Amino acid sequence: MNDINQTDDVLVAGAGIWGCTIARRLAEAGHRVAVWEKRGAPGGNVRCETDSETGIEVHAYGSHIFHTHDREAWNFVRRFTEFNGYQHKVLARHGGKTYHLPLGLAMINKFFGVELEPGEVAAFMSDEKHSSAIFDAFFRGYTSKQWGRPPEDIDPAIIKRVPVRSNYDTNYFNDYWQGIPSDGYNALFGRLLDHPYITLETGREFSIDDIGSFPGKVYYSGPIDALFGYRFGALPWRSLRFETERLDIADFQGTSVVNYTEAEVPYTRIHEFKHYHPELKDVMARPKTIICREYPAEWKPGDEPYYPVNNRESAELLEKYREEAAKHPNLIIGGRLGQYRYYDMDQAVSAALKVEI
Ligand SMILES: Cc1cc2nc3c(=O)[nH]c(=O)nc-3n(C[C@H](O)[C@H](O)[C@H](O)COP(=O)(O)OP(=O)(O)OC[C@H]3O[C@@H](n4cnc5c(N)ncnc54)[C@H](O)[C@@H]3O)c2cc1C
């Protein structure tokens, strides 16, 4: 490659939240940083589009709520955005009724038609009859859709690992800090990369042949198997398909996310994006809304990868790619695609803050 700016000493390949965090740290440490992003814009799967007709911020790759109890990650992102104080609640539809997740007093009392006190929840849920009924209603069908397996193959033991709240707290996350960037996720990425030492090039895909072109390190957050031409085979993923629709009503479901727990309903969730910004009163008041149905999907190479399929075969395959990567001492691989693991945004930021630069 001879069109590389000779003053760039390091390359960040992939401008998701992991890559942008690294790029910012490197620039602040005095490095000239080239950022290559193969898509048309930075942000990775956190990228949003603002619908010009309604002003609604549409999360292009599924709902993204920033939530964390990691003070370092929280303080870092807050240098680049304010958060609107949104607190995530998730509802679940089953049998024509709507329940509050997670599994707690509100859900249990409504589902069984009882009025338990907090001190009675543990004993009630330790009764096999009750835990099985909850598993069948809320977890069996949903999990089978998510992973493309028949409902009868879903292990009822998972209900034992689901935390039960003995209170009426319907906040979906246990994390102390959460919210949505007040002026949107894209603005957050714009500010992360807004540094005189950072040059962003979109539509530019890094390949392993580019590795020798930079005197310093290369920080890569694309898929680790793609980097080595899938030479040992493709790491398996679960994919998703989103069907987004603009509706001529002000409010479709009264909340941002409703889970559809029955196996017969082909989608797992409906997202309604305007509810992520309740502070935008004019957007909320408009007689239009945007919803998105989320369908789990089989994955094949070339499809968008969403959830890694962690099993023995994929662990062995991953190890082979890691051995390959280790042959390049100036290559640092991170992020959800590079590490082949599910990261929440705060975990991706936290991991990027810990990388030695
Ligand atoms: C359905 C869904 C919902 C989620 N909801 C939440 C949520 O509510 N809250 C939360 O905290 N997290 C959520 N997450 C997780 C969140 O999406 C990830 O934490 C985040 O995307 C990780 O960022 P990343 O930088 O590691 O990867 P990515 O966002 O995937 O960024 C990687 C970037 O690298 C680019 N790239 C790939 N290959 C190359 C190459 N060869 N050269 C150049 N560029 C390349 C890609 O185009 C991409 O822009 C969700 C994930 C899913 C699947």
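Before reading on, note that the structure itself is shown above.
Worth saying up front: this structure is predicted, and the values here are computed from it rather than measured.

(A) Local environment of the packing of helix α1 (residues 17-28) against helix α7 (residues 185-192). Contact geometry of α1 with α7 gives a least axis separation of 9 Å together with a crossing angle of 30°. When the axis of α1 is compared with that of α7, the two are roughly parallel. In contact with Ile-17, Cys-20 and Arg-24 of α1, α7 contributes Phe-189, Arg-191 and Leu-192. Considered class by class, the residues forming the contact of α1 with α7 number four nonpolar, no polar and two charged.

(B) The arrangement of unusual backbone geometry in detail. Following Leu-101, the chain continues to Pro-102 via a peptide bond in cis, the omega torsion being -10°. In this structure, Pro-102 sits in the loop between β7 (97-100) and α3 (105-112). Non-glycine residue Tyr-230 carries a positive phi angle of around 55°. Inspection of the secondary structure puts Tyr-230 in the loop between α8 (224-227) and β11 (237-247). Although it is not a glycine, Tyr-340 adopts a positive phi angle of roughly 50°. Counting through the fold element by element, Tyr-340 comes out in the loop between α11 (335-339) and α12 (345-354).

(C) Representation of the packing of aromatic side chains in the model. Under the definition given, this model contains 24 aromatic pairs. Plain terms: the ring middles of Phe-111 and Phe-138 are 5.4 Å apart, the flat faces sit at 65° to each other, and that makes the pair edge-to-face. Within this pair, whereas Phe-111 is found in helix α3, its partner Phe-138 is found in helix α5 (residues 128-147), the two being separated by 27 residues in sequence. Sitting above the plane of the Tyr-197 ring, Arg-32 keeps its charged end 3.8 Å from the centroid. Of note, Arg-204 hangs over the ring of Trp-36, and the distance from its end group to the ring centre comes to 3.9 Å.

About the cut-offs
- Residues numbered from 1 in each chain as written.
- Predicted model: local features only at pLDDT ≥ 70, side-chain atom pairs only at ≥ 80, totals over all residues.
- Heavy atoms only, no water.
- Axes fitted to C-alpha atoms, helices over the stretch in contact; angles between N-to-C directions.
- Helix = DSSP H or I, 4+ residues; strand = E, 2+ residues; numbered from the N terminus.
- Parallel < 35°, antiparallel > 145°, perpendicular 65-115°, else oblique.
- Contact = heavy atoms within 4.5 Å.
- Nonpolar A, V, L, I, M, F, W, Y, C, P; charged D, E, K, R; others polar.
- Phe/Tyr/Trp six-rings, centres within 6.5 Å; stacked < 30°, edge-to-face > 60°.
- Lys NZ or Arg CZ within 6 Å of the ring centre and 35° of its normal.

Fair warning: the whole summary comes from geometry, so function is off the table for now.
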